[in-house]
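What follows is the residue order along each chain.
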Amino acid sequence: MRLRNIPGADEALANSKYVIKQPETYRGKFREQIFQNENPIHIEIGMGKGKFLLTMAQQNPDINYIGIELYSSVLLRAVQKMEELEKENNVPGNIRFLCVDARKLGEIFAAEEIDRIYLNFSDPWPKDRHAKRRLPSKEFLALYDKFLKKDGQLEFKTDNKGLFDFAISELPLAGWKEKAVTYDLHHDPVLNAGNVMTEYEEKFSAKGNPICKYIIYR
Ligand SMILES: C[S@@+](CC[C@H](N)C(=O)[O-])C[C@H]1O[C@@H](n2cnc3c(N)ncnc32)[C@H](O)[C@@H]1O
């Protein structure tokens, strides 16, 4: 997702209490120092405008959520939604955001610090030479290994069949296993139960595109 550069976005994020600044300083201490509880932490990498994670946070107050987004102009939308909810006295206290490149996450989270990872409608990077930049690539799976709990899982959704097939083919190379797979999530009564749609999921399923999803573990 590329929005036009919004003037003042960086400054607005720097001043927002919902955005974690200098996240490396909380390595191994996110529960204690950011959320001040012992609840599990679930993250979405490439969260976009944050509809999915915000809904998950509202539905699951006993889970801590961290949304990760590369572009400040995109993350700003999520922060603005939080500010609107704050005015309605309805803001969930269990969600924070990071404006960083996913490639930095090994420096930010300690081993076993994260209980679950969500990847939703990750950018496909269609050229072969860019395969390493795909968030479900074996290179990224090796990075997630560094901070995902031993019994943790990763959930990935996309309407891009080529990207999904690529993601499945990367699993044995990275030592991950399938727990569940569907090529048509919205018609899979088991996997679709409780499904929270993302912005991209709403857009592409409205066009009739089936949604693929896997849940994986090591
Ligand atoms: C296609 S959008 C999907 C947004 C949202 N997850 C959804 O399903 O509606 C992908 C998002 O991932 C972000 N992104 C891509 N590469 C990233 C990276 N290396 N680190 C963090 N965010 C990234 C993009 O900026 C974009 O906002």
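Details of the structure are given in the entry above.
Quick caveat, the model's predicted, so the values are computed rather than measured.

A. Seen up close, the overall build of the chain. In terms of regular secondary structure, the chain is built from eight helices and seven strands. Taken over the C-alpha trace, the chain has a radius of gyration of 17 Å; the compact-globule value for 218 residues is 17 Å, and the two agree within 12%. Across its three principal directions, the C-alpha atoms of the chain cover 40 × 40 × 35 Å. Counting every position in the chain, which comprises 218 residues, the buried fraction comes to 49%. The long-range fraction of contacts in the chain, counting pairs at least 24 apart against all pairs at least 6 apart in sequence, stands at 75%. Taken as a whole, the chain presents about 10900 Å² of accessible surface, with 49% of it coming from carbon and sulfur.

B. Just the pattern of salt bridges, in detail. Scanning the entire structure with this criterion turns up 14 salt bridges. Note that Asp 101 and Arg 103 form a salt bridge whose closest N and O atoms lie 3.0 Å from each other. By relative accessible area, which is 21% here, Asp 101 ends up partly exposed. In this structure, Lys 149 and Asp 115 form a salt bridge, with 3.0 Å as the shortest nitrogen-oxygen distance. You can see Lys 149 sitting in strand β5 (residues 148-158) and its partner Asp 115 sitting in strand β4 (residues 114-120), a full 34 residues away along the chain. Judged by relative accessible area, which is 16%, Asp 115 ranks as buried.

C. View of the site of the ligand. Around the ligand, the surrounding shell holds 17 residues, and the nearest of these are Gly 46, Glu 69, Ala 102, Thr 198 and Tyr 200. At a separation of 2.9 Å, a nitrogen atom of the ligand approaches a polar backbone atom of Ala 102. Between the ligand and Glu 199 there is a distance of 3.3 Å, counted from an oxygen atom to a backbone nitrogen or oxygen. Starting from 600 Å² of accessible surface for the ligand in isolation, the protein chains cover 95%.

D. Local environment of helix α7 (residues 161-174). With 14 residues, α7 ought to run about 20 Å at 1.5 Å a step, and its terminal C-alpha atoms sit 20 Å apart, in line with that. Buried residues of α7: Leu 163, Phe 164, Phe 166, Ala 167, Ile 168, Glu 170, Leu 171 and Ala 174, and no others. Buried positions along α7 lie against α6 (138-145), β5, β6 (177-182) and β7 (212-217). Of the residues that open α7, the one with a side-chain oxygen 3.2 Å from the backbone nitrogen of Gly 162 is Asn 160. Positive phi appears at Gly 175, one or two residues downstream of α7, with a value of about 80°.

The rules behind each value
- All residue numbers refer to positions counted from 1 along the written sequence of the respective chain.
- Residues qualify for local features only when their pLDDT is at least 70, as the model is predicted, and side-chain atom pairs are given and counted only at 80 or more; totals for whole chains, interfaces and linings, by contrast, use all residues.
- Calculated side-chain values reflect all of the structure's heavy atoms, with hydrogen atoms and water omitted.
- Here a helix means four or more residues in a row that DSSP labels H or I, a strand means two or more in a row labelled E, and each is numbered from the N terminus.
- Throughout, radius of gyration means the C-alpha value; the globule benchmark is 2.2 Å times the number of residues raised to the power 0.38.
- Relative accessibility thresholds used throughout: buried, under 20% of the residue-type maximum; exposed, over 50%; partly exposed, between the two (1.4 Å probe, protein chains only).
- Here, two residues are considered to be in contact whenever any of their heavy atoms come within 4.5 Å of each other.
- Using a 1.4 Å probe, accessible areas were evaluated by the Shrake-Rupley method; residue-level cover was limited to the displayed protein chains.
- Just to be clear on terms, a salt bridge is a Lys or Arg side-chain nitrogen sitting within 4 Å of an Asp or Glu carboxyl oxygen.
- A cutoff of 4 Å decides nearness: a residue is near a molecule or strand if any of its heavy atoms lies inside that distance of it.
- Residues adjacent in sequence count toward polar contacts only when both atoms are side-chain atoms; beyond that, a polar contact is any pair of N or O atoms within 3.5 Å, and within protein one must be able to donate a hydrogen and the other to accept it.
- A helix's residues, less one, multiplied by 1.5 Å, set its expected span.

Treat this as a map of the structure, not an account of what it does.
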